[in-house]
Amino acid sequence: MRNLDENTITDAVLARHEHVGNARLTEIAGSLVRHLHAFAREVNLTESEWEQGIRFLTDVGHMTDEKRQEFILLSDTLGLSTLVVAMANRKPAGCTEATVFGPFFVEGAPEYENGADVANGATGVPCFVSGKIRGLYGEPVPNARIEVWQADADGLYDVQYPDDGEHRGRGVLHSRADGSYHFRSIVGEPYPIPHDGPVGRMLDALGRHPWRPAHLHFMITAPGYERLVTHVFREGDPYLDSDAVFGVRSSLIAPWLQHEAGVAPDGTRMATPFYTLEFDFVLNRAAL
Ligand code: BEZ
Ligand code: FE
């Protein structure tokens with residue numbers, strides 16, 4: 001194949017992939033090439049703009065390491081993560097909706113009993129969280145594995161601090177025989193996604209802010225049910241309609257109720273004001 005020009009280059013690349021043994025790879029690579037070429041044609045991409053794009057992606061790569069996943073931030077802020085999550089989670093009405101995973105999950109969070117304080121020293125106003133895990137037909141789901149993670153009062157996750165070997169504001173617990181769970185933590189606050197890198201510069205250039213509304217992350221797994229990765233958002237948060245990563249769903253917004261000092265739902269005597277949050281999760285049955 002020689003003398004390729006702007007009209008023939010796309011088909012020439014696609015023809016090179018015809019004999020790949022993997023049909024799905026051919027489909028994905030082919031579609032990517034077609035859309036990339038269509039994009040360059042549509043905007044009449046110049047050489048210097050192409051170079052700028054390459055520099056941007058290079059910076060995204062350089063910014064990425066074990067603690068900082070700039071590619072996930074890029075996917076999240078471009079809405080690609082929400083699109084993929086939405087397509088992968090077409091659940092029956094009544095199931096708790098899924099939302100983006102985000103870059104701050106870590107493996108190996110400590111296991112706690114119900115009632116424990118998963119803040120483990122993370123700063124913030126105390127919050128008592130409780131609810132039930134159920135299946136779509138209302139059945140309680142006992143022994144579901146509930147993993148929770150959240151930012152502290154300064155909007156930072158434990159992994160954003162120098163590593164001291166402690167997990168703060170994250171943990172794993174299991175639902176009881178009646179599907180109920182409860183734990184103590186802290187009130188989530190709105191926070192900006194990390195924006196001191198290329199994705200932050202991109203948001204700036206596009207006149208966008210980096211803020212996420214206050215939320216708690218949950219990942220719930222139980223045999224016979226689909227894994228649920230979701231958040232609970234704080235009702236009234238100013239960023240609910242402009243989440244930097246497009247993750248808010250109305251069904252995931254709940255009131256975080258403020259209480260004066262006194263007795264908390266688990267009987268703890270609180271000398272300072274505290275919050276409570278109640279949220280039930282409905283899991284979809286796993287495909288057989
Ligand atoms: C998060 O909620 O932890 C998050 C999600 C997407 C990008 C950055 C942070
Ligand atoms: Fe978060």
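Residues numbered from 1 in each chain as written. Chains lettered and ligands numbered in written order. Predicted model: local features only at pLDDT ≥ 70, side-chain atom pairs only at ≥ 80, totals over all residues. Heavy atoms only, no water.

## Observations regarding the pattern of salt bridges
Inference 1: Across all of its chains, the model carries 14 salt bridges by this definition.
Inference 2: A salt bridge links Glu 97 to Arg 249, with the shortest nitrogen-to-oxygen separation between them at 2.7 Å. Of the two residues, Glu 97 is situated in the loop between helix 5 (80-88) and strand 1 (126-135) and Arg 249 in the loop between strand 8 (228-234) and strand 9 (253-254); the sequence distance between them amounts to 152 residues.
Inference 3: Its relative accessible area of 27% is what places Glu 97 among the partly exposed residues. (Salt bridge = Lys/Arg side-chain N within 4 Å of Asp/Glu carboxyl O. Helix = DSSP H or I, 4+ residues; strand = E, 2+ residues; numbered from the N terminus. Buried < 20%, exposed > 50% of the residue type's maximum accessible area, 1.4 Å probe, protein only.)

## Some words on the UniProt feature "domain: Intradiol ring-cleavage dioxygenases" (unreviewed entry) in the chain
Inference 1: Listed under "domain: Intradiol ring-cleavage dioxygenases" (unreviewed entry) in the UniProt record, and renumbered for this structure, are residues 129-157.
Inference 2: Structurally, residues 129-157 comprises 0% helix and 41% strand, and the distance from its first C-alpha atom to its last is 18 Å. (UniProt positions renumbered as here; feature names shortened; annotations may be inferred.)

## Considering the coordination of the iron ion (ligand 2)
Inference 1: Every protein donor of the iron ion (ligand 2) is accounted for by Tyr 157 (OH), Tyr 191 (OH), His 215 (NE2) and His 217 (NE2), and the metal-donor separations fall at 1.9 to 2.1 Å.
Inference 2: Taken together, the six donor atoms surrounding the iron ion (ligand 2) define angles of 55 to 164° at the centre, an arrangement classified as irregular.
Inference 3: One chain supplies every donor to the iron ion (ligand 2), and in sequence these donors are spaced Y-x33-Y-x23-H-x1-H. (Donors = N, O, S within 2.8 Å, 3.2 Å for Na, K, Ca; no water. Tetrahedral: all angles 85-135°; square planar, octahedral: opposite > 155°, others 65-115°.)

## Points about the site of ligand 1
Inference 1: Around ligand 1 lies a shell formed by Leu 73, Asp 76, Gly 102, Pro 103, Phe 104, Tyr 157, Tyr 191, Ile 193, Arg 212, His 215, His 217 and Val 245.
Inference 2: In this structure, an oxygen atom belonging to ligand 1 sits 2.9 Å away from a side-chain N or O atom of His 215.
Inference 3: Side-chain polar atom of His 217 to an oxygen atom of ligand 1: 2.9 Å apart, as the coordinates give it.
Inference 4: The protein chains hide 100% of the 260 Å² of surface that ligand 1 would expose on its own. (Near = heavy atom within 4 Å. Polar contact = N/O pair within 3.5 Å; in protein donor to acceptor, adjacent residues only side chain to side chain. Areas by Shrake-Rupley, 256 points an atom, 1.4 Å probe, with all protein chains shown as cover.)

## Let's talk about the environment of Gly 135
Inference 1: Of note, Gly 135 is situated in strand 1.
Inference 2: Between the alpha carbons of Gly 135 and Phe 281 there is a distance of 8.3 Å; along the sequence they are 146 residues apart.
Inference 3: Leave out the neighbours within four places in its chain, and Gly 135 touches Val 141, Tyr 225, Val 282 and Leu 283. (Contact = heavy atoms within 4.5 Å.)

## Digging into the side chain of Thr 10
Inference 1: As for its placement among the helices and strands, Thr 10 is situated in helix 1 (residues 9-16).
Inference 2: Within the local environment of Thr 10, its side chain forms a polar contact with the side chain of Arg 41, the two groups lying 2.7 Å apart.

## Structural notes on the packing of aromatic side chains
Inference 1: All chains considered together, the criterion is met by 13 aromatic pairs.
Inference 2: Between Phe 104 and Tyr 157, the ring centres sit 4.5 Å apart and the planes meet at 20°, which makes this aromatic pair stacked. Taken together, the residues span a long stretch of sequence, with Phe 104 in the loop between helix 5 and strand 1 and Tyr 157 in the loop between strand 2 (145-149) and strand 3 (170-174) at a distance of 53 residues.
Inference 3: On the accessibility criterion, Tyr 157 (0% relative accessible area) is buried.
Inference 4: Ring centres 6.2 Å apart and planes at 45° place the aromatic pair Tyr 181 and Phe 281 in the tilted group. Of this pair, Tyr 181 sits in strand 4 (residues 180-186) while Phe 281 sits in strand 14 (residues 281-283), and the two are 100 residues apart along the sequence.
Inference 5: Since its relative accessible area comes to 0%, Phe 281 is described here as buried.
Inference 6: Through a chain of ring-to-ring contacts, three or more aromatic side chains come together here, namely Tyr 181, Phe 183, Phe 218, Phe 279 and Phe 281. (Phe/Tyr/Trp six-rings, centres within 6.5 Å; stacked < 30°, edge-to-face > 60°.)

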